[in-house]
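# Coordinate inspection notes
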Amino acid sequence: MGTKTNRRNREAASVRKGAELGDRPGMHWIPGGTFLMGSDVHYPEEAPAHRVTVDGFWIDTCAVTNKEFGRFVAVTGYVTVAERSPDPADYPDADPALLAPSSSVFVKPPHRVGLNNPYNWWTYVAGAQWRHPQGPASSIVKRADHPVVHVAWEDVEAYARWAGKELPTEAEWEVAARGGLDGAPYAWGDELTPNGRWMANTWQGEFPIHNTLDDGYEGTAPVGSFPANGYGLHDMIGNVWEWTTDWYIPHSSIAHSCCTVENPRGGSREDSLDPAAHQTSIPRKVMKGGSHLCSPNYCQRYRPAARMPQHIDTSTSHLGFRCILRAEPPG
Ligand SMILES: [Ca+2]
Ligand SMILES: [Cu+2]
């Protein structure tokens, strides 16, 4: 049943893409304005909800795909962070044996595990990188239109520069994800599955051991497999998390719910360091949107307000990105 729904979603998506208008192919204009950022009724890091104003901008309709990233790599010869050997000086506490090119891969545990330790399902896999998302034996041959994954902050910055674009701030990303529905919990409205329809690629069933695949996809899905939001954007929610430019700080330290904040840019690099971590030298950016691993029993972050800190050197099998352009509106 889920598969049938998804085929229908995909057909609708390709019709919409064909009909896309405007000055910039593959992008949509997000009108500027004031919106309610964050949420007071979900996870504590999303509070307080506060009024934010952003200027208008263009944003990619879909996350950057393997095919698009491959074009960038072919032209520039760029080598991603996950493909390089880490410098031991940057990781004084690390076991030298672990300092091989690697990336974090979700590996489904064979039996029920404690949910308090993410390493029960995250594994550093040597040789995992964007061309080999599950490790050296895997490939992207059949995933050209899936979002690129295993990209660290430096990688997405390099891509954006090459493409003549920029990366969104958290506020820009969030207003785009909301699709014009101010204050709604989901990018498509008030319900997770309106009329029983899955609107994003998330996890159904008991995370991390049992995925019922009601939405049709276990891992990443081709971009545009799910319905667009009110601004014509696909997969802002689910599929893969997306990088933003903001250094991570609690909303409470930037936001005063009494006032409107204009074009916020996040915190300082220094403030983004994890106060709880033993090794605190790697700063953190905000990532948004949740992924195919977000599930009701573990992580309900399939919402525009949801946010998580991500170390800038880190790449994973469920984190990608899309770009924006701060330019004139459609003419
Ligand atoms: Ca899924
Ligand atoms: Cu999640």
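### Notes on the overall build of the chain
Summing up its helical and strand segments, the chain has five helices and twelve strands in all. Over its C-alpha trace the chain gives a radius of gyration of 19 Å, about what one expects of a compact globule, namely 20 Å for 331 residues. A principal-axis box enclosing the C-alpha atoms of the chain has dimensions of 55 × 45 × 45 Å. For the chain, buried positions account for 50% of its 331 residues. Of all intrachain contacts in the chain linking residues separated by at least 6 positions in sequence, the fraction that spans at least 24 positions is 72%. Carbon and sulfur atoms make up 54% of the accessible area of the chain, which amounts to about 14,900 Å² in all. Charge centroids of the chain, computed over 30 positive and 38 negative side chains, lie 7 Å from each other.

### Some remarks on the sheet that holds strand S10 (residues 307-311)
For sheets, the rule is that strands pair by backbone hydrogen bonds, running either parallel or antiparallel. Taken in spatial order, the four strands make up an open sheet running S10-S9-S7-S11, and their pairing is mixed. The open sheet has two edge strands with one neighbour each: S10 and strand S11 (319-320). Across three bridges, strand S7 (residues 241-247) lies against strand S9 (residues 284-288) in antiparallel orientation. Bridge assignment links Glu242 to a residue of S9, and that residue is Lys288.

### Looking at the coordination of the calcium ion (ligand 1)
Looking at the metal site, the calcium ion (ligand 1) is ligated by Asn201 (OD1), Thr202 (O), Asp215 (OD), Asp215 (OD) and Tyr217 (O), spaced 2.3 to 2.6 Å from it. Site description for the calcium ion (ligand 1): donor spacing in sequence, N-T-x12-D-x1-Y. Under the relative-accessibility criterion, Asn201 is labelled buried at 1%. Residue Thr202 is classed as buried on the basis of its relative accessible area, which comes to 3%.

### So, the packing of aromatic side chains
Within this structure, the stated rule accounts for 20 aromatic pairs. When the ring of Tyr159 is compared with that of Phe321, the centres are 5.3 Å apart and the planes differ by 75°; the resulting orientation is edge-to-face. Of this pair, Tyr159 sits in helix H3 (residues 153-163) while Phe321 is found in the loop between S11 and strand S12 (324-325), placing the two residues 162 residues apart along the sequence. Like Tyr159, the residue Phe321 is buried in the burial classification.

### A word on the coordination of the copper ion (ligand 2)
Six octahedral donors around a metal ideally sit at 90 or 180 degrees from one another, while four tetrahedral donors ideally sit at 109.5 degrees. Protein-derived ligands of the copper ion (ligand 2) are Cys294 (SG) and Cys299 (SG), with the metal-ligand distances lying across 2.0 to 2.1 Å. As far as burial versus exposure is concerned, Cys294 and Cys299 are alike and both buried.

### Observations regarding H3
Taken together, the buried positions of H3 are Trp153, Asp155, Val156, Ala158, Tyr159 and Ala160. Gly164 sits one or two residues past H3 and shows a positive phi near 70°.

### Quick look at the confidence of the model for the chain
Considering every residue of the chain, the mean pLDDT works out to 91; 91% of them sit at 70 or more. Of the regions scoring below 50 in pLDDT, residues 1-5 engages in three contacts with residues more than four places distant in sequence or in other chains. Note that pLDDT drops below 50 for residues 10-21; the model gives that stretch 15 contacts with residues more than four away or on any other chain.

### Here we look at the pattern of salt bridges
Side chains that carry opposite charge are capable of pairing whenever their charged atoms lie near each other. By the definition in use, this model includes 16 salt bridges. Arg51 serves as the salt-bridge partner of Asp182, at 3.2 Å between the closest nitrogen and oxygen. Within this pair, whereas Asp182 is found in the loop between helix H4 (170-178) and S7, its partner Arg51 is found in strand S3 (residues 50-54), the two being separated by 131 residues in sequence. Take Arg51: its relative accessible area is 33%, and that puts it in the partly exposed class. A single salt-bridge network, built from bridges that share partners, covers Glu170, Glu174, Arg178, Lys288 and Arg307.

### Structural notes on the nonpolar core
Ranked by size, the top nonpolar core spans 47 residues in total, and within it Ile30, Ile59, Phe69 and Phe321 carry the most contacts. Breaking this core down by element, the ones donating at least two residues are strand S2 (33-37), S3, strand S4 (57-60), helix H2 (66-76), H3, H4 and S7. Phe69 has contacts with Val64, Thr80, Trp130, Val148, Val151, Asp155, Tyr159 and Phe321, leaving out every residue within four places of it along the chain. Counting residues in each nonpolar core, the second largest holds seven residues, with Val113, Trp121, Phe207 and Leu293 among its members.

### Observations regarding unusual backbone geometry
Cis peptide bonds are those with omega within 30 degrees of zero, and the linkage from Ala47 to Pro48 qualifies with 0°. Look at the link from Phe207 to Pro208: it is a cis peptide, with omega at -5°. Along the chain, Pro208 falls in the loop between H4 and S7. The backbone of Asn239 sits at a positive phi, close to 65°, despite the residue not being glycine. Examined against the element boundaries, Asn239 turns out to sit in the loop between H4 and S7. Judged by its relative accessible area of 2%, Asn239 falls in the buried class.

Rules used in this analysis
Residues numbered from 1 in each chain as written. Chains lettered and ligands numbered in written order. Predicted model: local features only at pLDDT ≥ 70, side-chain atom pairs only at ≥ 80, totals over all residues. Heavy atoms only, no water. Helix = DSSP H or I, 4+ residues; strand = E, 2+ residues; numbered from the N terminus. Rg over C-alpha atoms; globule rule 2.2 N^0.38 Å. Buried < 20%, exposed > 50% of the residue type's maximum accessible area, 1.4 Å probe, protein only. Contact = heavy atoms within 4.5 Å. Areas by Shrake-Rupley, 256 points an atom, 1.4 Å probe, with all protein chains shown as cover. Lys, Arg positive; Asp, Glu negative; His and termini not counted. Charge placed at Lys NZ, Arg CZ, Asp CG, Glu CD. Pairing = 2+ DSSP bridges. Donors = N, O, S within 2.8 Å, 3.2 Å for Na, K, Ca; no water. Phe/Tyr/Trp six-rings, centres within 6.5 Å; stacked < 30°, edge-to-face > 60°. pLDDT = per-residue confidence, 0-100. Salt bridge = Lys/Arg side-chain N within 4 Å of Asp/Glu carboxyl O. Core = buried A, V, L, I, M, F, W, Y, C linked by side-chain atoms within 4.5 Å.

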